[in-house]
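# Results of the structural survey
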Amino acid sequence: MTDPDDIPQADRLEGAPHPRDAAALIGQAAAEKAFLDAYTSDRLHHAWLITGPRGVGKATLAWRLARFLLATPPAGDDGLFGAPPPPETLDIDPEHPVSRRMRALSEPGLFLLRRPWDEKAKRLKREITVDEARKLKGFFTMSATDGGHRAVIIDSADEMNPSAANAVLKLLEEPPARTTLFLISHQPSRLLPTIRSRCRTLRCRPLPPEEMTRALEAAGAEIPEQPDALTALADGSVGAAFTLLNGSGLGFYTALIRLFERAPDIDRELALAFAERAASRSGDATADQALEMIDLFLTRLARTGALGPPEPQAAPGEAALLSRLCPDIAAARHWATLQQAIGERARHGLAVNLDPVALLLDTVLKINAGAGEVLPAPA
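Quick summary incoming for the structure in this document. Each chain has its residues counted from 1, running along the sequence as written. Two thresholds apply to this predicted model, a pLDDT of at least 70 for residue-level local features and 80 or more for giving and counting side-chain atom pairs, whereas whole-chain, interface and lining totals are computed over all residues. Only heavy atoms go into the side-chain values, all of them from the structure, while hydrogens and water stay out.

### Things to note about the sheet that holds strand β2 (residues 110-113)
If DSSP finds at least two bridges between two strands, the strands pair. Put simply, DSSP H or I for four residues or longer makes a helix, DSSP E for two residues or longer makes a strand, and each gets a number counted from the N terminus. Across the sheet, five strands lie side by side as β2-β5-β6-β1-β7; this open sheet has parallel pairing. Only two strands of the sheet have a single neighbouring strand rather than two, namely β2 and β7 (200-203). The mean inter-strand angle of the sheet, taken between neighbouring strand axes irrespective of direction, is 20°. Of the strand pairs in this sheet, β2 and strand β5 (residues 150-155) are connected by four bridges, and their pairing is parallel. Interaxial angles span 0 to 180 degrees and are taken between N-to-C directions of axes, which are lines fitted to C-alpha atoms, for helices over the stretch in contact.

### Some thoughts on empty space enclosed by the protein
Space inside and on the surface of the protein is sampled on a 1 Å grid over the protein atoms alone, with a cavity defined as a set of points where a 1.4 Å probe fits but cannot get out and a pocket as an open set with protein on both sides within 12 Å along at least 5 of 7 lines; lining residues have an atom within 4 Å of a point. Grid points are joined across faces, edges and corners, and a volume is the space filled by probe spheres set on the points. Counting across every chain of the model gives one cavity of 30 Å³ or more. Of the volumes computed, that of the largest cavity is approximately 30 Å³. Along the walls of the largest cavity sit I342, R345, A346, L359, D362, T363 and K366, which together make up its complete lining. For the lining of the largest cavity, the secondary structure elements donating two or more residues are α14 (329-351) and α15 (356-374). Taken together, the residues of the lining of the largest cavity sort by class into three nonpolar, one polar and three charged. The residue classification treats Ala, Val, Leu, Ile, Met, Phe, Trp, Tyr, Cys and Pro as nonpolar and Asp, Glu, Lys and Arg as charged. All others, Gly included, are polar.

### What about the environment of S163?
Note on placement: S163 falls in helix α5 (residues 162-173). Between buried and exposed lies partly exposed: a residue is buried under 20% and exposed over 50% of the maximum accessible area for its type, with that area taken using a 1.4 Å probe on protein chains only. For S163, a relative accessible area of 42% puts it in the partly exposed group. With 32 residues separating them along the chain, S163 and D131 place their C-alpha atoms 9.1 Å apart.

### Here we look at the packing of α14 against α15
Running from N to C, α14 and α15 cross one another at 165°; their axes reach a closest spacing of 11 Å. The orientation of α14 with respect to α15, classified from their angle, is roughly antiparallel. Here α14 runs over α15; the crossing is right-handed. Judged by residue contacts, A331, H334, W335, L338, I342, R345, A346, G349 and L350 of α14 engage L359, D362, T363, K366, I367, G370, A371, E373 and V374 from α15. For the contact of α14 with α15, the class distribution of residues is 10 nonpolar, four polar and four charged. In this scheme, roughly parallel covers angles under 35 degrees and roughly antiparallel covers those over 145, while 65 to 115 is roughly perpendicular and the rest are oblique. Less than a right angle of anticlockwise turn of the near helix away from the far helix marks a crossing as left-handed, whereas a clockwise turn marks it as right-handed. Contact between two residues is taken to exist if any of their heavy atoms lie within 4.5 Å; hydrogens are not considered.

In structure tokens, the structure reads:
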């Protein structure tokens, strides 16, 4: 039996604090205000779809909203000295009993739906299963109905399998009294339209560099002396920045720029060395992260043809390389199509445990071939 303390949490980014431990949220004041306005005007919706890019604070916002609801007396509770004034902030004292119970995952008014641990395979399951979603029924049966509020956080709704999604849809169609659901979604277009239509949307935005630096510092991250590359690659995502800081993402991205300098005539030995390093268990990064950097490279490449080279550069020579490989809109469409095909193949390869060296090498060679369709090989 695996020690519970050793089990990774599906809703926590490695190296970063869990969203429930965050005392404040930086950069999402508009979303916070929209929710607070709905609460104080007695227009609180029963389900909120929290959207935006990965790593910009969606989960932190969901925990912050749930904490506020569970710790704030109902509006009709006048108490001994009359009704309290409407709240002006979502802040709840970290020492409030609800705050302490939520950090310990022992708050009876909260249900967290996330990918479960597979004890047999000794890893997190790749999706939220219907068995996990069905536990909501027991939660509503056992949780208090004495006028207090209840909250459900689904992190992330994108990871629900079809049966789990249908179970949650039934809950949205007939929501229990005094219950609010928070569905976190990185790609809401993948959700059932009937789920989206039953939720009010709160959109979280990418953070500008100064706010991202503040958020990273608040989370205890060590900011590099020259943060331009980190800022460029993170693209407003604190989560992406944490991943880059705690792995070898920055190094891998720089290696990709060097690797494709001669595209469509790359050095095959250098390509193999890249794949072997990324796939090595003793290396500084994983095949997953290398594939993420490849996807990011293709995103920035396609964007260059439409908007020009990104600023600041994420690695020396990046702007010149991207401009050469993607000089116009037609090339941008070419790279965007290739990115989708490569991404689908990479996800499939990881799902069926394809040899990571072979998967990475094949991916690099497909990009090189894609360059050959845009440019002639150098003489």
